[in-house]
Amino acid sequence: MQAVRGMHDILPGEISLWRRLEAELRRVLDGHGYQEIRLPLVERTELFARSIGEITDIVEKEMYTFEDRNGDSLTLRPEGTAGCVRAALEHGLIHNRIQRLWYSGPMFRHERPQKGRYRQFYQTGAEAFGLAAPEVDAELIIMGAELWRRLGIAPLVRLEINTLGSPEARAAYREVLVEYLRDHYDRLDEDSRRRLDLNPLRVLDSKNPDMQPLIEAAPRLLDHLDEESRDHFARLETLLQGAGVAYHFNPCLVRGLDYYNRTVFEWVTDALGAQGTICAGGRYDGLVAQLGGRPTPACGFAVGMERVVALMEQVGVSGGDEAPHAFAVAAGDEAMRAALLLGMRLRRELPSLRLVNAPGGSLKSQFKKADRSGARWALVLGEDELEHGEVTVKDLRGKAGQVRLPQKQLSQWLGHRLASEREDMQ
Ligand code: HAM
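Residues numbered from 1 in each chain as written. Predicted model: local features only at pLDDT ≥ 70, side-chain atom pairs only at ≥ 80, totals over all residues. Heavy atoms only, no water.

A. The packing of helix 1 (residues 12-31) against helix 5 (residues 134-151), seen in detail. The geometry of helix 1 relative to helix 5 is characterised by a closest axis approach of 10 Å and an angle of 140 degrees between their N-to-C directions. Taken as axis vectors, helix 1 and helix 5 run oblique relative to one another. For the pair helix 1 and helix 5, the sense of crossing is right-handed. Contact residues: Arg 20, Leu 21, Glu 24, Leu 25, Arg 27, Val 28 and Leu 29 in helix 1; Met 143, Glu 146, Leu 147, Arg 150 and Leu 151 in helix 5. A class-by-class count of the residues in the contact of helix 1 with helix 5 yields 7 nonpolar, no polar and 5 charged. (Axes fitted to C-alpha atoms, helices over the stretch in contact; angles between N-to-C directions. Helix = DSSP H or I, 4+ residues; strand = E, 2+ residues; numbered from the N terminus. Parallel < 35°, antiparallel > 145°, perpendicular 65-115°, else oblique. Left-handed = near helix turned anticlockwise from the far one by under 90°. Contact = heavy atoms within 4.5 Å. Nonpolar A, V, L, I, M, F, W, Y, C, P; charged D, E, K, R; others polar.)

In structure tokens:
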């Protein structure tokens, strides 16, 4: 049996980078006052159709939609923003107050699998509600910059930003754009012809190379922006400059979800091939009202976890050390039993201790396993040690050789060493 196409396992050998990324993310999110929310993997299909937009790749062709036994149409979430807004409304989390939330977990899109593109992939998203000023757009962008810096991948990542203006400005621009596209109807591909009436801005997002000259010559949204959006964007630019965050203004950045207005941004790398966007987001001031709430400004982003991990791997970022600290080696049934009890006591006294008990077998094979595990110390319980209530601690990595201690002193001895190792790391 094999995994479903596009759905991948994350194996123990890869986990240390995932954990490192998750830990840094959590610190950055905590550091900015974002609170975690855990959301269902499944929502009503209608939620995604109404928020992401009917005429988007995601809703048109990428959702895992099914009927449950009641005949309700449900969908595996393709992204987290819609569910987060739904939950925030349902539980009154954003009623007349500022709320900063984050979530993490798998998302599902039936896209064509390739390197960096999966049908089940992980996102960590942050959403800020109730803040209309560009400071929060800047805050979210600065959080990304800080995360890349802490992970050591900042030199490989660049920021692209654009503004989509207000819905009114976009509606006015839409008319200008439709007129332009109609004038060049014969040069439109099939997808774009269909989008012309339904969602013409998405024509600008076409990846078809034949369409590019037409897109480049199209009228620009920037020239049709409303005054307030123009001002919002200018203030955001000033904030980013003041924070020392380099960016590239990309007027063709439109994003594949319909809920955005004003600021949109993507963090991009050239080091991963075609799937180079590692994090993306923007402002969506209309979505809360669209889903039945009071008008509430909102802004957020989502990190594509697989892509960031791939980048960390490429740069040679090291994950946290997952190897056991100690490996208990015990010869014979009685010693094995003693090792089990000793291990139980040690873990209770040193909750962060990673200790593995040997599975039995000859001392030689146990030492081999201890060595292969990457453990720092072997805790040896031989006949003689048992008789005297002692344990031999053998240094498997350094040159410290071995010491023999009363078993009662072992947790103190290990505790000192774990504490000094932790200090070294900080
Ligand atoms: P999105 O651009 O669709 O935005 O996805 C965000 C990130 O998820 C992408 O930049 C990419 O890194 C990752 N991603 C998307 N699809 C895949 C895939 N098939 N395989 C691997 N990684 C993928 C959103 O989802 C919005 N909800 C972001 C947002 C939050 N906007 C405001 N708040």
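B. Broad picture of the pairing of strand 11 (residues 298-304). In terms of burial, strand 11 is a largely internal element, 7 of the 7 residues being buried. The side-chain alternation of strand 11 yields two buried faces, one formed by Ala 298, Gly 300, Ala 302 and Gly 304 and the other by Cys 299, Phe 301 and Val 303. Sheet topology note: the strand 6 (residues 120-129)/strand 11 ladder contains 7 bridges and is antiparallel. Residue Phe 129 lies in a different strand from strand 11, and its bridge partner there is Ala 298. When strand 10 (residues 277-283) meets strand 11, the two strands line up antiparallel, connected through 5 bridges. In the strand pairing of strand 11, Gly 281 is matched with Phe 301. (Buried < 20%, exposed > 50% of the residue type's maximum accessible area, 1.4 Å probe, protein only. Pairing = 2+ DSSP bridges.)

C. Molecular detail of the nonpolar core. One finds Phe 129, Leu 177 and Leu 181 to be the most contacted residues of the largest nonpolar core, which totals 48 residues. Looking at this core, the elements with two or more residues in it are helix 2 (45-52), helix 3 (57-62), helix 4 (81-90), strand 5 (99-108), strand 6, helix 6 (167-183), helix 8 (212-216) and helix 10 (287-290). What Leu 177 contacts, discounting residues up to four positions off in sequence, is Pro 200, Leu 201, Leu 204, Ala 218 and Pro 219. (Core = buried A, V, L, I, M, F, W, Y, C linked by side-chain atoms within 4.5 Å.)

D. The arrangement of helix 2 in detail. Most of helix 2 is tucked away: 6 of the 8 residues are buried. Contact partners of the buried residues in helix 2: strand 2 (42-44), helix 3, strand 3 (64-67), strand 4 (73-76), helix 4 and helix 10.

E. Structural context of the site of the ligand. Taken together, 26 residues lie near the ligand, and Glu 79, Glu 111, Glu 127, Tyr 260 and Thr 277 sit nearest. Taking Glu 127, its side chain carries an N or O atom lying 2.7 Å from a nitrogen atom of the ligand. Phe 301 is positioned with one of its backbone polar atoms (N or O) 3.3 Å from a nitrogen atom of the ligand. Against a free-state accessible area of 660 Å², the protein chains account for coverage of 96% of the ligand. For the shell around the ligand, the secondary-structure elements that each account for two or more residues are strand 6, strand 10 and strand 11. For the shell around the ligand, the leading source of residues is strand 10, giving 6 residues. (Near = heavy atom within 4 Å. Polar contact = N/O pair within 3.5 Å; in protein donor to acceptor, adjacent residues only side chain to side chain. Areas by Shrake-Rupley, 256 points an atom, 1.4 Å probe, with all protein chains shown as cover.)

F. Molecular detail of the sheet that holds strand 3. Across the sheet, 3 strands lie side by side as 2-4-3; this open sheet has antiparallel pairing. The open sheet has two edge strands, strand 2 and strand 3, and neither has a second partner. For this sheet, the mean angle separating the axes of adjacent strands, direction not counted, is 35 degrees. Bridge count for strand 2 against strand 4 is 3 bridges, and the pairing is antiparallel. Each bridged residue has a counterpart across the sheet, and for Val 42 the counterpart in strand 4 is Leu 76. Contacts from helix 2 reach strand 2, strand 3 and strand 4 within the one sheet, and its direction differs from that of strand 2 by about 75 degrees.

G. View of the sheet that holds strand 8 (residues 248-249). Pairing in this open sheet of 8 strands is mixed, and the strands run 1-5-6-11-10-9-7-8 from one edge to the other. Of all strands in the sheet, those bounded by a partner on one side alone are strand 1 (35-36) and strand 8. Packing against the sheet, helix 1 makes contact with strand 5, strand 6 and strand 11, and its axis sits at approximately 5 degrees to strand 6.

H. Representation of a positive patch on the surface. Positive charge collects at one region of the surface, where Lys 364, Lys 368, Lys 369 and Arg 372 lie side by side. A relative accessible area of 67% places Lys 364 in the exposed class. (Patch = residues over 30% accessible without salt bridge, like charges linked within 9 Å, V, L, I, M, F, W, Y side chains within 5 Å. Salt bridge = Lys/Arg side-chain N within 4 Å of Asp/Glu carboxyl O. Lys, Arg positive; Asp, Glu negative; His and termini not counted. Charge placed at Lys NZ, Arg CZ, Asp CG, Glu CD.)

I. Structural context of a negative patch on the surface. Residues Asp 333, Glu 334, Glu 383 and Glu 387 make up a contiguous surface patch of negative charge. Residue assignment for the negative patch shows that the elements contributing at least two residues are helix 12 (333-349) and helix 14 (383-388). By the element assignment, Glu 387 lies in helix 14.

J. Structural context of the pairing of strand 10. Of all the 7 residues making up strand 10, 6 are buried; the element is thus mostly covered by neighbouring parts of the structure. Bridge count between strand 9 (residues 261-268) and strand 10: 6 bridges; the pairing is antiparallel. In the strand pairing of strand 10, Val 264 is matched with Gly 282.

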